[in-house]
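# Chain and residue survey
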Amino acid sequence: MSAYRFGNGKIVVDGRTWEGAEIQVAQGRITALSRQRAMTGDAIDLDGGWLMPGFVDTQVNGGGGTLFNDDPSVEGIARIGAAHAAFGTTAFLPTLISDRPDRIAQALAASDAAIAAGMAGVVGIHVEGPCLSAARKGIHDSAHFRRLDAEMVALLTRPHRGVVMVTLAPEHADAGAIAALVAAGVRVSAGHTDLSYAEARAAFGAGVTGVTHLFNAMPPLHHREPGIAGAALEDPAPWCGLIVDGVHVSPAMLRIAMRARGTERMMLVTDAMPSVGAREKDFVLQGRQIRVADGKAYYDDGTLAGADLDMASAVANCVTMLGLTGETASALASTNPAAFLGLDRERGALAPGLRADWVQLDRHFRPRGTWIGGRRAA
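Residues numbered from 1 in each chain as written. Predicted model: local features only at pLDDT ≥ 70, side-chain atom pairs only at ≥ 80, totals over all residues. Heavy atoms only, no water.

This next bit is on helix 5 (residues 197-205). Every buried residue of helix 5 is listed here: Ala-200, Ala-203 and Phe-204. The buried residues of helix 5 occupy one face: seen down the axis, they fall within an arc of 100 degrees. Relative to its buried face, helix 5 has exposed residues pointing more than 90 degrees away, namely Ala-198 and Gly-205. Tucked inside the fold, the buried residues of helix 5 contact strand 15 (210-211) and helix 6 (227-234). Just beyond helix 5, the residue with positive phi is Gly-207, at close to 120 degrees. (Buried < 20%, exposed > 50% of the residue type's maximum accessible area, 1.4 Å probe, protein only. Helix = DSSP H or I, 4+ residues; strand = E, 2+ residues; numbered from the N terminus. Arc of directions from axis to C-beta. Contact = heavy atoms within 4.5 Å.)

So, on to the packing of aromatic side chains. Tallying each qualifying case throughout the model produces six aromatic pairs. Ring geometry for Tyr-4 and Trp-358: centres 5.3 Å apart, planes at 75 degrees, overall edge-to-face. Of this pair, Tyr-4 sits in strand 1 (residues 2-7) while Trp-358 sits in strand 21 (residues 358-361), and the two are 354 residues apart along the sequence. On the accessibility criterion, Trp-358 (0% relative accessible area) is buried. (Phe/Tyr/Trp six-rings, centres within 6.5 Å; stacked < 30°, edge-to-face > 60°.)

Our next topic: unusual backbone geometry. A cis amide bond links Gly-129 to the next residue, Pro-130, at an omega of 10 degrees. Mapped onto the secondary structure, Pro-130 falls in the loop between strand 12 (124-128) and helix 3 (150-156). Of note, the phi angle at His-192 is positive, near 45 degrees, even though the residue is not glycine. Relative to the helices and strands, His-192 is located in the loop between strand 14 (187-190) and helix 5. The exposure class of His-192 is buried, given its relative accessible area of 5%. Its identity as a non-glycine residue notwithstanding, His-213 has a phi of 30 degrees, on the positive side. Tracing the backbone shows His-213 in the loop between strand 15 and helix 6.

In the contact formed by helix 8 (residues 311-320) and helix 9 (residues 326-340), the axes pass within 9 Å of each other and the chain directions differ by 140 degrees. In terms of axis orientation, helix 8 runs oblique to helix 9. Like other packed secondary-structure pairs, helix 8 and helix 9 cross with a definite hand, here right-handed. Side by side, helix 8 and helix 9 meet where Met-311, Val-315, Cys-318 and Val-319 of the first sit next to Gly-326, Ala-329, Leu-332 and Ala-333 of the second. Here the contact of helix 8 with helix 9 is built from residues that sort into seven nonpolar, one polar and no charged. (Axes fitted to C-alpha atoms, helices over the stretch in contact; angles between N-to-C directions. Parallel < 35°, antiparallel > 145°, perpendicular 65-115°, else oblique. Left-handed = near helix turned anticlockwise from the far one by under 90°. Nonpolar A, V, L, I, M, F, W, Y, C, P; charged D, E, K, R; others polar.)

Backbone hydrogen bonds are what pair the strands of a sheet, in a parallel or an antiparallel way. With mixed pairing, four strands are arranged side by side in an open sheet as 5-4-1-6. If you trace the sheet from one side to the other, it starts and ends with strand 5 (29-35) and strand 6 (44-45), each paired once. Of the pairings in the sheet, the one linking strand 1 to strand 4 (residues 21-26) comprises five bridges and is antiparallel in character. Directly across from Ala-3, in strand 4, lies its bridge partner Gln-24. (Pairing = 2+ DSSP bridges.)

This brings us to the pattern of salt bridges. In a structure, side chains of opposite charge can pair up when their charged atoms sit close to one another. Inspection of the entire model under this criterion finds 19 salt bridges. For Glu-151, the salt bridge is made with Arg-146, and the minimal N-O distance between the two is 3.1 Å. Using a relative accessible area of 23% as the deciding quantity, one classes Arg-146 as partly exposed. Residues participating in the shared-partner salt-bridge network are Arg-5, Glu-22 and Asp-42. (Salt bridge = Lys/Arg side-chain N within 4 Å of Asp/Glu carboxyl O.)

Take the nonpolar core next. One finds Met-52, Phe-55, Leu-148, Leu-214, Met-266 and Leu-268 to be the most contacted residues of the largest nonpolar core, which totals 76 residues. Excluding residues within four positions of it along the chain, Met-52 makes contact with Val-12, Val-315, Gly-326, Ser-330, Leu-350, Trp-358, Val-359, Leu-361 and Phe-365. By size, the runner-up hydrophobic cluster in this structure holds 15 residues, among which are Phe-6, Trp-18, Leu-33 and Trp-358. (Core = buried A, V, L, I, M, F, W, Y, C linked by side-chain atoms within 4.5 Å.)

This part takes up the environment of Val-127. Topologically, Val-127 is positioned in strand 12. Overall, the relative accessible area of 1% leaves Val-127 in the buried class. Those residues in contact with Val-127 that lie beyond four places of it in its chain are Leu-96, Ile-104, Leu-108, Leu-156, Met-165, Val-166 and Thr-167.

With antiparallel pairing, the three strands of this open sheet are ordered in space as 18-19-20. Strands with a single pairing partner mark the edges of an open sheet, and in this sheet they are strand 18 (283-285) and strand 20 (296-298). Strand-to-strand twist in this sheet, taken as the mean axis angle between neighbours without regard to direction, amounts to 30 degrees. Bridge count between strand 18 and strand 19 (residues 288-293): three bridges; the pairing is antiparallel.

The next point concerns the state of the cysteines. Counted under the stated rule, the structure contains zero disulfides. Summary of cysteine pairing: Cys-240 is not part of a disulfide, and the nearest cysteine sulfur, belonging to Cys-318, is at 14 Å. Relative accessible area serves as the criterion here: at 0%, Cys-240 is assigned to the buried category. Since its relative accessible area comes to 0%, Cys-318 is described here as buried. (Disulfide = S-S within 2.5 Å.)

Here's what the structure looks like:
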C-alpha cells in the first residue's frame, strides 16, 4: 500500500475540485481517496496547479518520432506511449490510418501483444480507414480505400485484447457490415465521410456511436443541408471527438457546438503525429513529406496531416480558447473518452476501485508529472 498526498491546488474529483487529497494505492488501483484541508510535510505542493485523472486519447497516430503506420510493433507502440505519457496521457489507442490489409493485421497483432505484455497505457487500437470517402480523404491515401465488405469485417473482428475502434464512412459499408462490427464489440465511428444529415441519422440508428474529429473531413455545416455535423449536434447520443488546437476547427465553431449540444459526450483527441514529443518535427507520411510549424502539420498543398498536439495542450486550449472550466476540460480529456471506450469502470476518474492514473499540471496546465497504475511514468 502506498499513499500519495497533494495540496495547495485543484484536485478534480467527481467534477468538483478539492484543495488537497490523500490517495491510497495498492496493486495499481486507488483503494481510498480522502480530502485533505491542510498541507502535510510529505505532500506534493501543487502550487496552485491541478491534479486530474489521467488523459485518455482515442486517436494517436504517432509520437516521439514514431508513426504507427511505419512501425506497427510493440516497440513502436512503446515509443509512442512514452512520448504522450510526458503530456499526461495514461491510456491511448495507437491509430493506424488507411493502409493495406496485411498492415492492419500487423497493427492489430502488435496492439494485442503490447496489452498481453502489460505495457502501461495501451488499451486497444484505432483503425482509421481504409473504408473512407475519397471526397473527404484528407491526407489519407485513397489508393488504399475499399468497401467495408465481408473480408474487412472478418479482419476487424478477429479475437482481440482491448478495445478495437474503427473509423469508416458508412456510405462505403456493405449491408449488415456495420452491424457485424458492433456485434463483435467494435466501437464504430463515422469519419472521412460525405454523409448527408438524413444518412447520418440513419447511421447513428444502425450502430455508429462515434464521430471522428467533428467538423473535419466531412461536409461543412450548411443551413439547408446540415450534414453529419448538424446531425451530430442535434443528436445527443453519438460521442464526438474534437481536435482543439486552434487550427483544425475555429474556436468560435467549437464554442457554438458546446452551447448547442453540451459537453457530456464531447471528447478531446489529439490526432497526434510523430512530431509530438520529438525534436525533429517534420516527418514522412506514406511517402509524402509533412511539414510541421507553429503547431500545424501539413502537406505541400496545404492539406492538414494530423496534428502537432498533445493532450495537456488540448486541455489548456479548452480553457483559454473555449472558456471552459478546468473541471469540464478534465472530463473531456478523461471521463468522456473512457466512457466511450467502455472503460469507465477502470479509468477516467479519481475514485476508489479505479486505476491509479493521474496527471499533475501547473496553473497554466503544463504537465509536471504523470502516474500510471500508481507509478510515476513521466
